Each structure stands twice: as C-alpha cells, then as structure tokens.
Amino acid sequence: MPRLSYLEAGKLALAEEMRRDPLVWAVGEDLGRGGVFGQYRGLAEEFGPARISDAPISESCIMGAAVGAAMMGTRPVVEMRFSDFALCAVDELVNQAAKARYMFGGQSHVPLVVREPIGIWRSSAAQHSQSLEAWYAHIPGLVVVVPSTPADNRALLKAAIRCDDPVVYMEHKNLWALEGEVPEAAEPGELGKARVVRAGGDVTIVSWSAAVHTCAAAAESLAGAGIEAEVLDLRTLWPWDREAVLASVERSGRLLVVQEAVSVAGFGAEIAASVAEALHGALKAPVRRLGAPRIPISYAPPLEDKVRVTEAMVVEAVRSMTAAAA
Amino acid sequence: MPPADTPPVSNLDVERYRAGFRQMCRIRAFEEQAIAAAQEKLVLGAIHPSIGQEAVAVGVCGNLRKSDIILSTHRGHGHTMAKGAEALPMMRELFGRDGGYCQGKGGSMHIADFSVGMLGANGVVGANINIAAGAAHAIRLKGEDGVVVCFFGDGAINRGPFLEGLNWAGVFQLPILFVCEDNGFAATTRTSAMTSGAGPAARAEAIGIPASTVEGNDLQAVDEAARELVDLVRGGGPRFLVARTYRLTGHTSSDAAGYRPQAEVQERWLNDPIENCRKLLEAAGVPAAELAAIREAAEAEMRAAKDEAAATGWPAVELAYADVQDVGDPRTRAF
Ligand SMILES: Cc1ncc(C[n+]2csc(CCOP(=O)(O)OP(=O)(O)O)c2C)c(N)n1
Ligand SMILES: [Mg+2]
C-alpha cells in the first residue's frame, strides 16, 4: 500500500473524481496556485482553470453559486480554507443548500461538497482555529464528514463528491502532514460507518477527526496498565454510526466521548445522550465527555493549551471510569 | 552671500514629513524585526507584513486626532503604529507574551489598542467594513465630531460587506473615510483577475460615495489627499480613497511569493515609499546623515522591542478564561 499524507490523499481523491466525472469541479480562493495549504497543487495544471477555479474573496457567492451549479447538475467542491470563513456563507449553506431538496418537494438535489478545514493549528487564535462540526450536524439536510487518516481522507472525499446531498467536509489542519497507508483500490468509502481504531472490552472511547489520534495513544498507554479501551473513529457525524457505538458500549459498559470542539452543545452530547437513553441498564459507569471549555481559542501557547484535550486527560478519565466500577 | 551648499529653497513642511518619515521607518523596522522573529519562532502565528505600504498608514493616520477611530485588517501593523500604538506591546502581542495589547490572546491578526482609537485588526477579510459603519453611526448618534477610517485591501471589495457597509454609510451620511489599499494582490491571486469592472473607486461612486485615487507610495500625496478628505468627513458624509501601492513581501512572512516574477518585485522596490520620502526630505534640505540617523534610531528601537518582548514571560494561564462574558462566565462554569 502506498503511503500518502492526509493532504495528498485528499488531493488524489479530488483528482480521481475529476477524471471520472467531468461535472466535478472545484472553486475557491487561490486554488489556481494550489490553495492556501497546497491541497490543490498541480490540479489546475491537469484540469485547467475552469475546473480548478479561482474565486474572488466572496464566500457567500462561492457557496451560493455552488448551490445553483449543483442544482443544475454539476458537482462543485467548494473550498472555504478555514471553517471560520465559511461563516460568511452560512445562509447559503444552511438556508439554501440544506433545505432546497425538501422545500421544493424533491425536485432538486444539491450535490455540493464544502471543504471547511477545522481545528487548532498552533497560535492561529480565535478566528482561525475553531471546530464547528456540531453546528452542521444540527441542520437537517446536511452530511458532515470529519476524516482522521489519509486513507479516510481519500475514501470519504470520494464518497462525499459522489453523494447527492450537500456535504460539509471538515479536514483537520493539524493533520495535513500526517502520513499513512492508503489502499490502492480507488473505491469510495461508506458515509456513516465508524472505524474500530483499536478493539478492547473495558471502555468505549468515541472520537473523530484529530482527537482520534490522542485517543489511540491514550489507549496504548492504558493497555500497558491492563485497561483495554475500544477506540471508535466516527468518521462522519451525520449520519453517525449509532449501531457501532451502541454495540461497543453494550460490551464495555462504559462510554467516553472525546472531541476537540467546545464540549457544551458539542456533538459529544448527542452521543452521550443517545447511549444514556438506549443503554441505561448496561452502563457500569456514568457516561463521560471530554472537550474544550467554553472559551475562545487563544494565541499564546499556554493559553491555547487550555482548550486542548490531551492524552493524559483521556487516560485519567478512563482510569476514573474504570476505578469507579471496580 | 549664502554659502555654496545652501539647500534649495523649498516650501515643504519639513517638520511634518520628517515625522512621517520617522514613523514609516519605525513601521518598516518593526516588521523587519517581526519577520526575523518569526524565523526564530518567537512569532508563532501568521504575520502579514505591510512593507511597501507604510505611506498609506502614515499619510492617513497623520491627519487623525487621537480620539478618531480606525479599523484595520490582517495587514495592520502599520495602521496600528501610525495611529499611535507603541511597539513593545505590539511585539509582545506577536510573541503571545504578557503585556501584549491583547494579553497575548489575539496575536498579529487581532491587534487592537482602543486607547488610541484602534478598534482592531481582523482575521476575516471585509468584516471590518460594517463594524466601521457602526462605529461612525455611534459617533453620529452621540453628536460627536469624530471620524472613522476603515482600511481594507483591494481583495475585500469583492465581499458582500463592501456593498452593505458603503451603502449604509451613504444612507446615513456617516463620518467615515474608506481607505482601500490597492496592492494588486489578494493572497496569491492578482486581484485584477478576480475583480469585474473599473475597481474600488468606481464601485464607491456608484453607491454615491465620492472617491479619489492617490499614489500610495508617495507620503506627501497621501497626506494631502487624506487631509482634504478627513476635513470633509468630519461632521460630513462618507468619502472613499484608493491608495495605489504594492505588497513588497509575500502575503505572510512565510510566503515566498513564487507566483510573481522577481523582476516585478525588484522594479517595485524602486518605488519604495520610505526611499521616496527620504529623497523628498533630502531635496528640501534635510541632511542625508540626519535621515540615516532617524532610520537607525528606528531600527535600534525595534531591535530593543524584539529583545524585550522575547525576554517577557507568558501571560498567566488563568487569562484563558477571562474576558469571555459576564453572564455565564466560564470562570464559574466552562463546561
Ligand atoms: C472572509 C475571508 N476570506 C478569506 C480569508 C483569507 N485571506 C486572508 S488575507 C486574504 C487576501 C486579502 O486581500 P486584500 O483584501 O487585497 O488584502 P491584502 O492582503 O492585500 O492586504 C485572504 C483571501 C479571510 N481572512 N477572510
Ligand atoms: Mg490586496
């Protein structure tokens, strides 16, 4: 299996889909020169400026135009460069793209993908660091994808592009350079299927995006102490793999949800509540959530670190959960 | 009989432009030190240097009172200093240190100094335009005679707030001067390739806001244009100024700007606003040695600011929880 970076894997997915389907195209600021993180480098040379299209600094029109172009049967991939800037286009996404199919009685689909990189990226401060995935999971009509590995970034971006629904596709900025094996087979992934990162029967840790790696590391060190954690990477928040989570917690009797986003009203609350509702009798410990405090993200490293969920915090949470039941 | 080396007679306001020259040198030196500090990993986040655009900041802000207001952009160091902010707390902010203007919580892209009427840089292109309209609206409501200056780039005119904010200023006839710094680029993109029509001045005129254009690398030209416009805006309605300039560095300090020819950049360096001003003052009789000394003093000041900022500690970690909100304060409950 070839090793690719998360960034390269996303680029490969887009290139493959563009080769396969001439109606797939990408639009965003600076794409002609490769995009702000280099996720599009070389694509304008292969596909030309009409399909790897530059855009004015007009987020609402980039998104709105993508809605119109999607209604007309093309498959736009919209680049917002930071999920923070996508807030300039929320009406177009939430009021228009997400609802058009329903409001118009099924006459139209809106098969667009909006790439909105999320996450803390050292000292990017309050307007360039947010993880806003829960906002979109709340909106009927949207699909929300939060890949954590190069393999998933290839498979899920392909699935997102082929999906007829509007997809909010949130890559984590801190993962761009992460390398991993990416299967030769160019098949799209399945939206809504969690990945078992690590099997274990003592506790279920549910996570997504970059936090998955923190959880995997924590699970390794817990294993050294004789606690076997099962780590699930949700991969998509809508739909989320409820069956996989419930099945795992049914076995382990313990649930810890770990997210980088603000914990209050974060997607972890949805998972915790669902598990509490469905598995009340099977729980050996109270459901736990780890996430950021409800504060904006600072620039200064010691302050910025206050919003990070660390490996040590995950280990500590699991220890307290397993100790409580012992 | 006058000695042979008597300077040519000039009616240039030498004091004024010497001060302007000094301020431009300070901004340049600040940013040179900041770029060096970024390479040394003292500056942690992105910085967007305004090297080559100093005359716009200095020429405009030189016509403002301390109580007047400015709103800036991601490329805001020059505006901030020209409005009267000090170098050390700015440098500390870039380093995320204690004593930074924003307590190290904002960094370069969110620098603000409300004490000198600087209501903030902004990480979101064009977002300052509507806020500036609101600031001017408040001045009108309170019956004051202040002026708001809103700086933005040529790329920002393609965002919705450009239309909405200018229309608002026109409808309510607010005391606001819009200053569009046309440096030819929006990040890696030549703005002309992504802008339809005749550009910022024509758009402003179409909304009913009188617009003029000035050579932005000529301090005297910017100063004279801004003086006239600020006088018209004070107690009057909105005006729009386009300053033609060029971004001599990359978009950020880590952008090598390989998307434009070196020859183009070299040619633009021949129109360096600081050198232009130096020549102007020299022609007016200011000794070259004096001008060199001003520049060296600015460099020494900024080296010292860098060293002192680097020697400053981090902000107290509890500050992470401070100044979020009064009701539902996270210091009481953050989860
Ligand atoms: C709404 C929004 N979109 C995109 C960006 C990313 N971005 C930061 S600066 C910039 C270019 C701005 O160009 P211009 O307005 O001409 O200002 P300049 O950088 O030339 O000073 C872009 C696209 C942003 N910060 N905010
Ligand atoms: Mg520009």
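Residues numbered from 1 in each chain as written. Chains lettered and ligands numbered in written order. Predicted model: local features only at pLDDT ≥ 70, side-chain atom pairs only at ≥ 80, totals over all residues. Heavy atoms only, no water.

1. Quick notes on the domain arrangement of chain A
Residue and element names in this part refer to chain A. Each domain of chain A was delimited in the assignment, giving domain 1 (3-181) and domain 2 (195-325). A straight line from the C-alpha centre of domain 1 to that of domain 2 covers 27 Å. Together domain 1 and domain 2 conceal approximately 2,200 Å² of surface at their shared face, both sides included; 59% is due to carbon and sulfur atoms. Connecting domain 1 to domain 2 are 4 salt bridges. With a closest N to O distance of 3.0 Å, D305 and R122 form a salt bridge. Secondary-structure elements contributing two or more residues to the side of domain 1 that touches domain 2 are α5 (133-137), β6 (143-145) and α6 (150-162). Residues that form the side of domain 1 that touches domain 2 fall into these classes: 16 nonpolar, 9 polar and 3 charged. (Domains from an automatic or database assignment. Buried area = accessible area lost by both parts, 1.4 Å probe. Salt bridge = Lys/Arg side-chain N within 4 Å of Asp/Glu carboxyl O. Helix = DSSP H or I, 4+ residues; strand = E, 2+ residues; numbered from the N terminus. Nonpolar A, V, L, I, M, F, W, Y, C, P; charged D, E, K, R; others polar.)

2. Things to note about the side chain of E264(B)
Residues and elements named next belong to chain B. As for its position among the elements, E264 is in helix α9 (residues 262-269). For E264, a relative accessible area of 18% gives the class buried. Look past the residues within four positions of E264 in its chain and what remains in contact with it is F185, R190 and Y246. (Buried < 20%, exposed > 50% of the residue type's maximum accessible area, 1.4 Å probe, protein only. Contact = heavy atoms within 4.5 Å.)

3. Concerning the sheet that holds strand β10 (residues 203-207) of chain A
Residues and elements named next belong to chain A. Ordered in space as β9-β11-β10-β13-β14, the 5 strands form an open sheet in which the pairing is mixed. Two strands close off the open sheet at either side, each with one partner strand: β9 (195-198) and β14 (288-292). Within the sheet, the average angular offset between the axes of one strand and its neighbour, ignoring direction, is 25 degrees. As judged from the 4 bridges shared by strand β13 (residues 255-262) and β14, these two strands associate in the parallel manner. Considered in β14, the bridge of V257 is made with R289. Seen against the sheet, helix α7 (residues 211-224) touches β9, β10, β11 (229-233) and β13 and runs at an angle of roughly 40 degrees to β9. (Pairing = 2+ DSSP bridges. Axes fitted to C-alpha atoms, helices over the stretch in contact; angles between N-to-C directions.)

4. Side note on a nonpolar patch on the surface
Together, M71(A), M72(A), M103(A) and F104(A) give the surface a local cluster of nonpolar side chains, amounting to about 440 Å² of exposed area. By the element assignment, M71(A) lies in helix α3 (residues 59-71). (Patch = residues over 30% accessible without salt bridge, like charges linked within 9 Å, V, L, I, M, F, W, Y side chains within 5 Å. Areas by Shrake-Rupley, 256 points an atom, 1.4 Å probe, with all protein chains shown as cover.)

5. Focus: the sheet that holds strand β4 (residues 75-79) of chain A
Residues and elements named next belong to chain A. Here 7 strands make up an open sheet; going across it, the order is β3-β2-β4-β5-β7-β6-β12 and the pairing mixed. A strand with exactly one partner marks an edge of an open sheet, and here the two such strands are β3 (52-53) and β12 (236-238). Relative to strand β7 (residues 167-169), β6 runs parallel, the two being bridged by 3 bridges. Paired with V143 across the strands is V167, a residue of β7. The strands touched by α6 are β2 (24-27), β4, β5 (113-115), β6 and β7; relative to β7, the strand with the most contacts, the crossing angle is about 155 degrees.

6. Considerations on helix α4 (residues 90-103) of chain A
Residues of α4(A) that are buried: E92(A), L93(A), V94(A), A97(A), A98(A) and A100(A). Buried residues in α4(A) make contact with α3, β5, α5 and β7 of chain A.

7. Some details on empty space enclosed by the protein
Residue and element names in this part refer to chain A. Taken as a whole, this structure holds 1 cavity of 30 Å³ or more when the rule is applied. Volume-wise, the largest cavity comes out at about 40 Å³. Lining the largest cavity, in full, are I118, S131, E133, H172, W208, S209, E260 and A261. Partitioning the lining of the largest cavity into residue classes produces 3 nonpolar, 3 polar and 2 charged. Two domains share the lining of the largest cavity, each providing at least three of its residues, namely domain 1 (3-181) and domain 2 (195-325). (1 Å grid on protein atoms, 1.4 Å probe; cavity = no way out; pocket = protein on both sides within 12 Å on 5 of 7 lines; lining within 4 Å. Points joined across faces, edges and corners; volume = space filled by probe spheres on them.)

8. What about the UniProt feature "domain: Transketolase-like pyrimidine-binding" (unreviewed entry) in chain A?
The positions UniProt marks with the feature "domain: Transketolase-like pyrimidine-binding" (unreviewed entry) are residues 4-177 of chain A. Overall, residues 4-177 of chain A shows 37% helix and 13% strand. The separation of its end C-alpha atoms is 9 Å. (UniProt positions renumbered as here; feature names shortened; annotations may be inferred.)

9. Looking at the packing of aromatic side chains
Tallied over the full model, the rule gives 15 aromatic pairs over all chains. Chaining the aromatic ring pairs together yields one cluster made of Y6(A), F37(A), F82(A), F85(A), W121(A) and W176(A). One cation-aromatic arrangement involves R97(B) over W314(B); the distance from NZ or CZ to the ring centre is 4.3 Å. Over the face of the ring belonging to F185(B) we find R260(B), whose NZ or CZ atom lies 5.1 Å from the ring centre. (Phe/Tyr/Trp six-rings, centres within 6.5 Å; stacked < 30°, edge-to-face > 60°. Lys NZ or Arg CZ within 6 Å of the ring centre and 35° of its normal.)

10. Regarding the layout of surface pockets
Roughly 510 Å³ of volume is contained in the second largest pocket. If you go around the second largest pocket, you meet 25 residues; those closest to its centre are A126(A), C102(B), K105(B), G106(B) and H110(B). By residue class, the composition of the lining of the second largest pocket is 15 nonpolar, 8 polar and 2 charged. Taken domain by domain, the makeup of the lining of the second largest pocket includes at least three residues from each of domain 1 (3-181) and domain 2 (195-325) of chain A.

11. Digging into the site of ligand 1
For ligand 1, the set of nearby residues contains 21 residues, the closest of which are E59(A), H74(B), R75(B), D154(B) and G155(B). At the site occupied by ligand 1, the surrounding residues belong to chains A and B. V125(B) is positioned with one of its backbone polar atoms (N or O) 3.0 Å from a nitrogen atom of ligand 1. Within the backbone of G155(B), an N or O atom sits 2.7 Å from an oxygen atom of ligand 1. Of the residues in the shell around ligand 1, the class split is 9 nonpolar, 6 polar and 6 charged. (Near = heavy atom within 4 Å. Polar contact = N/O pair within 3.5 Å; in protein donor to acceptor, adjacent residues only side chain to side chain.)

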